[in-house]
Amino acid sequence: MGLFAACADDNDSNPTLQQPSTFVLNEPSYAAQIVALENSTEIPFTWSQPDYGFPAEVSYDIQASLTGNFTVSTDEANADESGATIPDYAVVASGLFGGSGSMDATTLDRNMVQIAQWTENTVPGTQTVYVRLAASTPGAATIYSNVVTILTGPYYIALKDAAPELWYLVGECVGDGSWNNSAGGIGPAIFPLLTLADETYDKVSGKGVIAYTGFFP
């Protein structure tokens, strides 16, 4: 006996990736207030997901500029060893998901000092900062939100490279197994992951690849 089967075209039930042109970054509730960066930790934002035609997993970066121009980033300027490249914006936070996130106040201030090239005596009392989001998802081009402004109170930070950010191993199979998660436990109970000679580390955040090589019971 021959068995025959047919199926209808189900394209209508399969999501199709659309390419939106922009999306909405909400104006912060504190937009009319001065954000004192030296006394702040995280600066929060909320936004609406771009319309890709279905609920996609989207990664967001928060970008900040002192002029409203987003042409050359601090990362691009740092990569130019000649020092001739002048940045006009910075990626202050990256890899955010969902509809809300924040940027670190100290990181923002450090980037502002680099972009404006302030000295200890030339930091202004207030500074308007222009903020936008960059959104990316696999299969679609990066798009940018509208720009919102916040009023900040900056302070001077010496522009020196941040120390590499270290993480530590602790647990029953590490060192003496005491789970001593304190400064006194470094060595007997906590082992640091170490920097690698062939890796580079972010000059602002200190983030980069660190590793531990050893034996575990």
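Residues numbered from 1 in each chain as written. Predicted model: local features only at pLDDT ≥ 70, side-chain atom pairs only at ≥ 80, totals over all residues. Heavy atoms only, no water.

Quick look at unusual backbone geometry now. A positive phi is found at Q117, a non-glycine position, where the angle reads about 55 degrees. For W179, which is not glycine, the phi torsion reads 55 degrees and is therefore positive. Residue position: W179 is located in the loop between β9 (168–170) and β10 (190–192). Since its relative accessible area comes to 53%, W179 is described here as exposed. (Helix = DSSP H or I, 4+ residues; strand = E, 2+ residues; numbered from the N terminus. Buried < 20%, exposed > 50% of the residue type's maximum accessible area, 1.4 Å probe, protein only.)

For the structure on display, the rule yields 1 salt bridge. A salt bridge links K207 to E165; the shortest N-O distance between them is 3.3 Å. With K207 in the loop between β11 (194–195) and β12 (210–211) and E165 in the loop between β8 (148–153) and β9, this pair connects stretches of sequence that are 42 residues apart. Look at K207 and you get partly exposed, because its relative accessible area is 46%. Residue class for E165 comes out partly exposed when judged on its relative accessible area of 29%. (Salt bridge = Lys/Arg side-chain N within 4 Å of Asp/Glu carboxyl O.)

Once that is clear, we can look at empty space enclosed by the protein. Throughout the structure, instances matching the rule amount to 1 cavity of 30 Å³ or more. Roughly 30 Å³ of internal volume is contained in the largest cavity. Around the largest cavity, the lining residues are A64, S65, L66, A90, V92, L108, N111, M112, I115 and V129. Listed by contribution, the elements that provide at least two residues to the lining of the largest cavity are β3 (59–65), β4 (89–96) and α2 (105–116). No other element matches the 4 residues that α2 contributes to the lining of the largest cavity. By residue class, the composition of the lining of the largest cavity is 8 nonpolar, 2 polar and no charged. (1 Å grid on protein atoms, 1.4 Å probe; cavity = no way out; pocket = protein on both sides within 12 Å on 5 of 7 lines; lining within 4 Å. Points joined across faces, edges and corners; volume = space filled by probe spheres on them. Nonpolar A, V, L, I, M, F, W, Y, C, P; charged D, E, K, R; others polar.)

With that settled, the discussion passes to the packing of aromatic side chains. Evaluated as defined, the whole model comprises 6 aromatic pairs. Between W47 and Y60 the ring centres are 5.0 Å apart and the planes differ by 50 degrees, which places this aromatic pair in the tilted class. Of this pair, W47 sits in the loop between β2 (42–46) and β3 while Y60 sits in strand β3, and the two are 13 residues apart along the sequence. Like W47, the residue Y60 is buried in the burial classification. Taken together, the ring pairs connect F23, W47 and Y60 into an aromatic cluster. (Phe/Tyr/Trp six-rings, centres within 6.5 Å; stacked < 30°, edge-to-face > 60°.)

Taken together, the side chains of L166, Y168 and I186 make up a nonpolar region of the molecular surface, amounting to roughly 270 Å² of accessible area. Mapped onto the elements of the fold, L166 is located in the loop between β8 and β9. Looking at L166, the relative accessible area reads 37%, which means it is partly exposed. (Patch = residues over 30% accessible without salt bridge, like charges linked within 9 Å, V, L, I, M, F, W, Y side chains within 5 Å. Areas by Shrake-Rupley, 256 points an atom, 1.4 Å probe, with all protein chains shown as cover.)

Considering only enclosed or pocket space, the second largest pocket measures out at about 300 Å³ in volume. If you go around the second largest pocket, you meet 16 residues; those closest to its centre are A77, N78, Q114, L159 and K203. Elements supplying a minimum of two residues to the lining of the second largest pocket: α1 (74–79) and α2. When its residues are assigned to classes, the lining of the second largest pocket shows 5 nonpolar, 5 polar and 6 charged.

Our focus in this paragraph is the environment of S145. Take S145: it is sitting in the loop between β7 (143–144) and β8. Classification of S145 by relative accessible area gives buried; the value is 8%. In this structure, the C-alpha to C-alpha distance between S145 and G187, residues 42 residues apart in sequence, is 47 Å. If near-sequence neighbours (up to four positions away) are discounted, S145 is found in contact with T22, F23, L25, R132 and L133. A distance of 2.9 Å separates the side chain of S145 from the backbone nitrogen of L133, its partner in a polar contact. (Contact = heavy atoms within 4.5 Å. Polar contact = N/O pair within 3.5 Å; in protein donor to acceptor, adjacent residues only side chain to side chain.)

The next thing to look at is the side chain of R132. Counting through the fold element by element, R132 comes out in strand β6 (residues 127–136). Of the side chains with opposite charge, D88 comes closest to the buried, unpaired R132, at an N-O distance of 8.0 Å. Among the polar contacts listed, one links the side chain of R132 to the side chain of Q63, at a separation of 2.7 Å. With residues near it in sequence (within four places) discarded, R132 still touches L25, D61, I62, Q63, F70, Y144, S145, N146 and V147. (Lys, Arg positive; Asp, Glu negative; His and termini not counted.)

These figures capture arrangement, not role.
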